[in-house]
Amino acid sequence: MIFTAQQSQQIKSSVRGSARDQLYEMLKEKILRLELEPGTKISEKEIAEQLHISRTPVREAFLKLAQEELLDIIPQSGTIVSRINLEHVEEGRFIREVVEKEVAVLACTKLRQDHLFEMEKNIAMQELCAEKGNFLELFELDEKFHQLIYDGCRMSRSWKMVQSLNSHFNRLRVLRLSSDLDWDIIISHHKQIYRLIANKEAEKVRQVMEEHLRLVEIEKDVLKRQYPHYFV
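Note that the structure is predicted; figures quoted are calculated from it, not measured. (Residues numbered from 1 in each chain as written. Predicted model: local features only at pLDDT ≥ 70, side-chain atom pairs only at ≥ 80, totals over all residues. Heavy atoms only, no water.)

A. Broad picture of empty space enclosed by the protein. Going through the model one piece at a time under the given rule, you end up with one cavity of 30 Å³ or more. Reported here for the largest cavity is a volume of approximately 170 Å³. Considering the residues around the largest cavity, the lining is formed by 13 residues, among which Asp-142, Phe-169, Arg-173, Ile-186 and His-212 are closest to the centre. Sorting the residues of the lining of the largest cavity by element identifies helix H7 (135-152), helix H9 (167-178), helix H11 (202-213) and helix H12 (215-226) as the ones contributing at least two each. Among the elements that make up the lining of the largest cavity, the one with the highest residue count is H9 (four residues). (1 Å grid on protein atoms, 1.4 Å probe; cavity = no way out; pocket = protein on both sides within 12 Å on 5 of 7 lines; lining within 4 Å. Points joined across faces, edges and corners; volume = space filled by probe spheres on them. Helix = DSSP H or I, 4+ residues; strand = E, 2+ residues; numbered from the N terminus.)

Below you can see the structure in the form of structure tokens.
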């Protein structure tokens, strides 16, 4: 079963539009967290039956996920969770690097003390997650750390734009964390980024952010060898 009893009840009790949106969000989270692995076949009919809802909101959620390239709807064959496409990974990573280096520079003059404090708290929680081996929570904190920089610069729309292009990149990042490939270097970079922004060292933070967002370039070939069935 894809959904827990609680999730099923939550969707089932929703009105149609809300059911579609909740189903979309839950499926997207499961795909991004690799709970639904790349290549997994999923059925519109089976999900509708499990949730005791009509197939219409399920179909609409599937179509939205297909538009985001998280599902492949194959005529006469069925629907599968899309495999990770390394060309999409690199395109999304490239766009994020170009934008985020400049946002980090802007943060040197824009971020207030309360934003810096939130970043510092976030890093402390990252260290705790690394200690406990909780890679999914570490991923969420990693995301939040970067979002705090955008939000502090009043560039939340830019964060959403970047995220819309990064579904394949983000799945590779989750896979990286689940494979335990040196979490310390990620947290070390975050500490450097925080310190450089706090000290208003714009050129240095641009360099570190570039290095940080290229980590996956070094490791993607290792991951593809370990999980060849996850990739196109």
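B. Broad picture of the sheet that holds strand E2 (residues 71-74). Here three strands make up an open sheet; going across it, the order is E1-E3-E2 and the pairing antiparallel. Each edge of the open sheet carries a strand with a single partner, namely strand E1 (41-42) and E2. When E1 meets strand E3 (residues 78-81), the two strands line up antiparallel, connected through two bridges. Residue pairing for E3: Lys-41 is matched across the bridge by Ile-80. (Pairing = 2+ DSSP bridges.)

C. Focus on the environment of Gln-76. Take Gln-76: it is sitting in the loop between E2 and E3. In sequence terms Gln-76 and Glu-140 are 64 residues apart; their C-alpha atoms lie 37 Å from each other.

D. Summary view of the domain arrangement of the protein. Here the domain parsing of the protein yields domain 1 (3-79) and domain 2 (84-225). Domain 1 puts eight residues into the contact, and the matching count from domain 2 is nine residues. Where domain 1 abuts domain 2, roughly 870 Å² becomes buried across the two surfaces, and 60% of that area is made up of carbon and sulfur atoms. Interface area lost by domain 1 to domain 2 is led by Leu-32, Arg-33 and Leu-34, which between them contribute 56%. (Domains from an automatic or database assignment. Contact = heavy atoms within 4.5 Å. Buried area = accessible area lost by both parts, 1.4 Å probe.)

E. Spatial organisation of the packing of aromatic side chains. The final tally for this structure, using the stated rule, is two aromatic pairs. Look at Tyr-227 and Tyr-230: their rings are 5.3 Å apart centre to centre, the planes differ by 15°, and that puts the pair in the stacked class. Relative accessible area serves as the criterion here: at 22%, Tyr-227 is assigned to the partly exposed category. Taking relative accessible area as the criterion, Tyr-230 reaches 7% and is therefore assigned buried. Its guanidinium or amino end placed over the ring of Tyr-24, Lys-64 lies 4.2 Å from that ring's centre, counting from NZ or CZ. (Phe/Tyr/Trp six-rings, centres within 6.5 Å; stacked < 30°, edge-to-face > 60°. Buried < 20%, exposed > 50% of the residue type's maximum accessible area, 1.4 Å probe, protein only. Lys NZ or Arg CZ within 6 Å of the ring centre and 35° of its normal.)

F. Spotlight on the side chain of Gln-126. Relative to the helices and strands, Gln-126 is located in helix H6 (residues 113-132). The exposure class of Gln-126 is buried, given its relative accessible area of 0%.

G. Fine view of H11. Over its twelve residues, H11 runs 17 Å from end to end, which matches the ideal 16 Å to within 8%, given 1.5 Å per residue. The set of residues buried in H11 consists of Val-205, Arg-206, Val-208, Met-209, His-212 and Leu-213. (Expected span 1.5 Å × (residues − 1).)

H. Molecular detail of the side chain of Ser-179. With respect to the helices and strands, Ser-179 occurs in the loop between H9 and helix H10 (183-198). A polar contact of 3.3 Å, which involves the side chain of Ser-179, links it to the side chain of Tyr-227. (Polar contact = N/O pair within 3.5 Å; in protein donor to acceptor, adjacent residues only side chain to side chain.)

I. Structural view of the pattern of salt bridges. Using the criterion set out here, one finds 27 salt bridges in the structure. The salt bridge partner of Glu-90 is Arg-93, with a shortest N-O separation of 2.9 Å. In this pair, Glu-90 and Arg-93 are both assigned in helix H5 (residues 86-110), three residues apart and thus about one turn of the helix distant. One salt bridge connects Arg-173 with Glu-143, and the closest N-O pair in it is separated by 2.6 Å. (Salt bridge = Lys/Arg side-chain N within 4 Å of Asp/Glu carboxyl O.)

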